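# Structural characterization, general
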Amino acid sequence: MNAVKTIAFMSGKGGCGKTTTCMGTGLALTHLGCKVAILDLDLENPSMGVVCGLTREDLNLSEELIVPPRWNGIPVMSLSLLPYADFADTPTTVVEERKHEIIAQLYKETDWGDTEFLLVDMPPGSGEEVRGLLQLDPQASIIVTTPQRISEAAVKKVIVMARDYSLPIIGLLEN
């Protein structure tokens, strides 16, 4: 995946619309003729597979690399699609020390095909997944928030973190 532009969709708290914004951006870029893929890096509560209507049966594990299912022509990879992960009814805790390893595996062991833009749906906050994201050498971030005071306070921390890691913010969406 040389010359892939990686864009992270981030927020300070959950429920503000990161996943929907990531999906909408993917569709818009696809309609412009760009080749797009989506990676769900919310390791504890992955939702992209569910939101896109994808199931484990849509995933192709028979190849050397994982061939992700497609949603509207867009390859989508989420931990929720892997057969050893059970996110339906049980709480999932991923050991912090393993998050970087899991992120690297999801990225490197997935056949993204001919991709120009990798859109990364991040979990809320400024936790270990954000630092793990830096392994993917993202070029930009889009911050999603809501107008509530608690969301604004939380998103300020994400903005500071993005700046601390020299991750350009190309958009701020108040949903």
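A brief structural summary.

Cut-off values and rules
- Residues numbered from 1 in each chain as written.
- Predicted model: local features only at pLDDT ≥ 70, side-chain atom pairs only at ≥ 80, totals over all residues.
- Heavy atoms only, no water.
- Helix = DSSP H or I, 4+ residues; strand = E, 2+ residues; numbered from the N terminus.
- Expected span 1.5 Å × (residues − 1).
- Buried < 20%, exposed > 50% of the residue type's maximum accessible area, 1.4 Å probe, protein only.
- Core = buried A, V, L, I, M, F, W, Y, C linked by side-chain atoms within 4.5 Å.
- Contact = heavy atoms within 4.5 Å.
- Polar contact = N/O pair within 3.5 Å; in protein donor to acceptor, adjacent residues only side chain to side chain.
- Pairing = 2+ DSSP bridges.
- Right-handed = clockwise from strand over helix to strand, strands pointing away.
- Axes fitted to C-alpha atoms, helices over the stretch in contact; angles between N-to-C directions.
- Disulfide = S-S within 2.5 Å.
- Lys, Arg positive; Asp, Glu negative; His and termini not counted.
- Salt bridge = Lys/Arg side-chain N within 4 Å of Asp/Glu carboxyl O.
- Arc of directions from axis to C-beta.

Owing to its 3.6 residues per turn, the α-helix brings residues three or four apart onto one side. For helix α1 (residues 18–31), with 14 residues, the first-to-last C-alpha span of 20 Å sits near the 20 Å given by 1.5 Å per residue. Listed as buried for α1 are K18, T19, T21, C22, M23, G26 and L29.

Moving on, we come to the nonpolar core. Among the nonpolar cores identified, the biggest contains 48 residues, and L41, L106 and L119 are the most heavily contacted of them. Ranked by residues supplied to this core, first place goes to helix α5 (residues 149–164) with five residues. With near-sequence residues (within four places) excluded, L119 lies in contact with I7, F9, C22, T25, G26, L29, V36, A37, I38 and L39.

Okay, the side chain of T115 next. Checked against the element boundaries, T115 lands in the loop between α3 (96–108) and β5 (117–121). Here T115 falls in the buried class, since its relative accessible area comes to 7%. Of note is the side chain of T115, whose polar atom sits 2.7 Å from the backbone oxygen of W112.

Moving on, we get to the pairing of strand β6 (residues 140–145). In terms of residue burial, β6 counts as a mostly covered element, since six of its six residues are buried. Both faces of β6 are covered, namely the face carrying A140, I142 and V144 and the face carrying S141, I143 and T145. Bridging between strand β1 (residues 5–10) and β6 involves four bridges; their strand directions are parallel. Note on β6: the bridge partner recorded for I7 is A140. Bridge analysis of β6 against strand β7 (residues 169–174) gives five bridges, and the strand direction is parallel. Bridge pairing links V144 to L173 in β7. A crossover connection joins β6 to the parallel β7 through α5; in handedness this β-α-β unit is right-handed.

To continue, consider the sheet that holds strand β2 (residues 36–40). Reading across the sheet, the seven strands line up as β3-β4-β2-β5-β1-β6-β7 and stay open at both edges, with mixed pairing between neighbours. Two strands in the sheet have a free side with no partner beyond their single neighbour: β3 (70–71) and β7. Relative to β5, β1 runs parallel, the two being bridged by five bridges. Among the inter-strand pairings, K5 is bridged to a residue of β5, identified as F117. Those strands touched by α1 are β1, β2, β3, β4 (74–78), β5, β6 and β7, and its axis lies near 165° from that of β5.

With that settled, consider the state of the cysteines. In total, this model carries zero disulfides according to the counting rule given. You can see C16 has no disulfide; the closest cysteine sulfur is in C22, sitting 12 Å from it. The thiol sulfur of C34 is not disulfide-bonded, and the nearest other cysteine sulfur, from C22, lies at 14 Å.

Tracing the chain through its elements places D42 in the loop between β2 and α2 (48–51). No salt bridge forms around the buried D42; measuring N to O, its nearest opposite-charge neighbour K18 is 6.0 Å away. One polar contact links the side chain of D42 to the main-chain amide nitrogen of N45, over a distance of 3.1 Å. If we ignore the near neighbours within four places in the chain, the residues touching D42 are D121, P123 and P124.

With that out of the way, let us pick up α5. With 16 residues, α5 extends 23 Å from end C-alpha to end C-alpha; this agrees with the ideal 22 Å at 1.5 Å per step. Buried within α5 we find S151, A154, V155, V158, I159, M161 and A162. All buried residues of α5 fall inside an arc of 160° around its axis, so they share one side. Facing away from the buried side of α5 by more than 90 degrees, the exposed set consists of R149, K156, K157, R163 and D164. Packing partners of the buried residues in α5 comprise β1, α4 (128–133), β6 and β7. Remark: S166 follows α5 within two positions and exhibits a positive phi of approximately 55°.

Nothing here speaks to function; it is geometry throughout.
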